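Chain residues, written in single-letter form:
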Amino acid sequence: MALTFFRGIQTRPIWLYPSAFVATKHVFYCTMKSTQTQTLEKQQPELKASANTQSKTLDNILTDYEAIIGLETHVQLSTQTKAFCSCPYNYGSQPNATVCPICMGLPGALPVLNSKVIEHAVRLGLALNCKLSYNSKFDRKQYFYPDLPKGYQISQFDIPIATGGYVDLDLPVEFGGGHRRFGITRVHMEEDAGKLLHTGNGSYSQVDLNRAGVPLLEIVSEPDMRTGIEAAEYAAEVQRLVRYLGVSNGNMQEGSLRCDVNVSVRPIGQLEFGTKERLSCFHNLDEENVEIKNLNSFSAVQRSIDFEISRQVLLHSQGHGDQIVQETRLWEEGAQKTVTMRKKEGLADYRYFPEPDLPEVVLTKEYVDDVRSSLPELPEMKRRRYEKMGLSMQDILFLANDMNVADFFDTTIAKCADVKLAANWIMGDIAAYMKNEKLSINEIKLTPQELGELIASIKSGTISGKIGKEILFELMAKGGTVKGMIKEKDLVQAIIEINPVPVRKEEIVDPLEIGKLVDKVIAENPKQLEQYRGGKTKLQGYFAGQVMKESKGKANPGLLNKILVEKLNGKS
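Computed from a prediction, not measured in an experiment: that's the story for all the values here.

Caption draft 1: Inspection of unusual backbone geometry at higher detail. A positive phi angle, near 60 degrees, is found at Asn129, a position not held by glycine. Along the chain, Asn129 turns up in the loop between α2 (115-127) and β4 (131-132). Owing to a relative accessible area of 36%, Asn129 belongs among the partly exposed residues under this scheme. Unlike most non-glycine residues, Gln336 shows phi in positive territory, near 55 degrees. Exposure remark for Gln336: the relative accessible area of 32% places this residue in the partly exposed category.

Take a look at the structure:
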């Protein structure tokens, strides 16, 4: 039965192909024989030169062109059931284990909209600074592909739920830094298609419909990006945003976030585009565009764009610009290049018309206001708040990148006022431990409250930084409390009458002994002493470090600093 759904696929009487239907423990497979051969890549002209000469020539040519880049990002929503039926979706389930007549597009089955899809769409639209459509509708996007059982996809055409927004981000310092704002053309709701499982020899494919009907939000950007780095950072910001909002896990390896890239090039200063730069099929432009698929990482987004820019510029420079046609290309990770996949469909090919089985989507102001009030602090807001705290951009991007890390940091500084010290510990020893142990910050046993307590204990002079680091690693591995660990290791505080500074038994607390160490360090560093007394007071940290080194980390920090300041200022 299922084979008759797939027009254009070679069919034979079922009894001639006993493997056409395979059922194992309620797992249903549909296999199909392919009659189409893969589209061959056109032979591209090559520069007749050595590799070095070709590279230099291409670098020179690239400076005469600029790229016009936009992205279509598909976000799979974290809902308990699919968009139009009650089937669940669990990544990694047995093929065709979570399907029903609605998912499979059987005659007479009617869709019912999952209200959670609308809520997630409104949340994302607000977070992307979009204008919401209080009255929107669904449409049928018709095309044939074996993993689309109905022969059409329920999507949104001329009235998407959100339009005209933007996203702000900061580029990493290693890529030049700077603030960027990229426009958002539209956000619309739609359902996902199934998945084809290809055999090793490529003689046939199997259809898994578990994913059919899973709700998606498609985010279409404006063509505001000019480099592969900007496009990759934009995609990463979208991932951060959906994770902060809780609308999707954003895992690219699971297909929860998928990016399609559109790339055009034009000579510097030219206003017209050599290819159609708009991603949305709603812009009737005459030029052609190149779309790149099969991008499963942000680095693949960057590298595919860089390759495609070079390919198009090279063709233009050699007078072969007519070979840049409207097509979909695949990124081959192994070969590090794009190859032709198929001719790209145009607007007329999809034959959109309103979905007759679903009513309008009508939003009220009260509903939108409720959703708006439930939004968390978003990545851009968090970055600006951290910036006001005086943190460097490197610190800001690290902390705000992961919502759980940001929450850990915020809870820590609520206990301990030293913002920079908290950031250093999280980005340094804690991040290294998580990387080595392959753990997330929620999986380590250290709590942010105890990290705050640990930092406060070091600042007050209760323990030294060296001892604090030892305690930190034990807390991350085994848990516990700072005070409990100090007690357990017999690091009980004591009070000296001469100088009331909290100390441990192992610490050097004799003022005379610490004074001798300070004298020795000062005598060995006359140049630094002169600079300090000349106004470079930050060198106090240098002297303190040298004394701690001499004492093997045992000098009481509070007592050391008091004696050091007196001697540096010539008071004793």
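Caption draft 2: Broad picture of the pattern of salt bridges. A full pass over the atoms with the stated rule returns 37 salt bridges. Measuring nitrogen to oxygen at the nearest pair gives 3.5 Å for the salt bridge that ties Glu453 to Lys415. Separated by 38 residues along the polypeptide, Glu453 in helix α11 (residues 448-459) and Lys415 in helix α9 (residues 403-415) bring together distant segments of the chain. Assessed through its relative accessible area of 18%, Glu453 is described here as buried. Asp429 is paired through a salt bridge with Lys469; the nearest N and O atoms lie 3.7 Å apart. In this pair, Asp429 sits in helix α10 (residues 419-437) while Lys469 sits in helix α12 (residues 465-478), placing the two residues 40 residues apart along the sequence. Shared partners join several salt bridges into a network, and the residues in it are Asp170, Glu237, Arg240, Glu380, Arg383, Arg384 and Glu387.

Caption draft 3: Up close: the sheet that holds strand β17 (residues 353-354). If you trace the three strands from one edge of the open sheet to the other, you get β7-β6-β17, paired in antiparallel fashion. Edge strands, defined here as strands with exactly one partner in the open sheet, are β7 (152-155) and β17. Of the strand pairs in this sheet, strand β6 (residues 139-142) and β17 are connected by two bridges, and their pairing is antiparallel. Looking across to β17, one finds that Arg140 is bridged to Phe353.

Caption draft 4: Representation of the packing of α2 against helix α3 (residues 228-245) in the model. α3 packs onto α2 with a crossing angle of 130 degrees between their chain directions and a minimal axis gap of 11 Å. Relative to α3, the element α2 is oriented oblique. When you trace α2 past α3, the crossing you get is right-handed. Across the interface between the two elements, Arg123, Leu124 and Ala127 from α2 touch Leu241, Val242 and Leu245 from α3.

How each quantity is defined
Residues numbered from 1 in each chain as written. Predicted model: local features only at pLDDT ≥ 70, side-chain atom pairs only at ≥ 80, totals over all residues. Heavy atoms only, no water. Helix = DSSP H or I, 4+ residues; strand = E, 2+ residues; numbered from the N terminus. Buried < 20%, exposed > 50% of the residue type's maximum accessible area, 1.4 Å probe, protein only. Salt bridge = Lys/Arg side-chain N within 4 Å of Asp/Glu carboxyl O. Pairing = 2+ DSSP bridges. Axes fitted to C-alpha atoms, helices over the stretch in contact; angles between N-to-C directions. Parallel < 35°, antiparallel > 145°, perpendicular 65-115°, else oblique. Left-handed = near helix turned anticlockwise from the far one by under 90°. Contact = heavy atoms within 4.5 Å.

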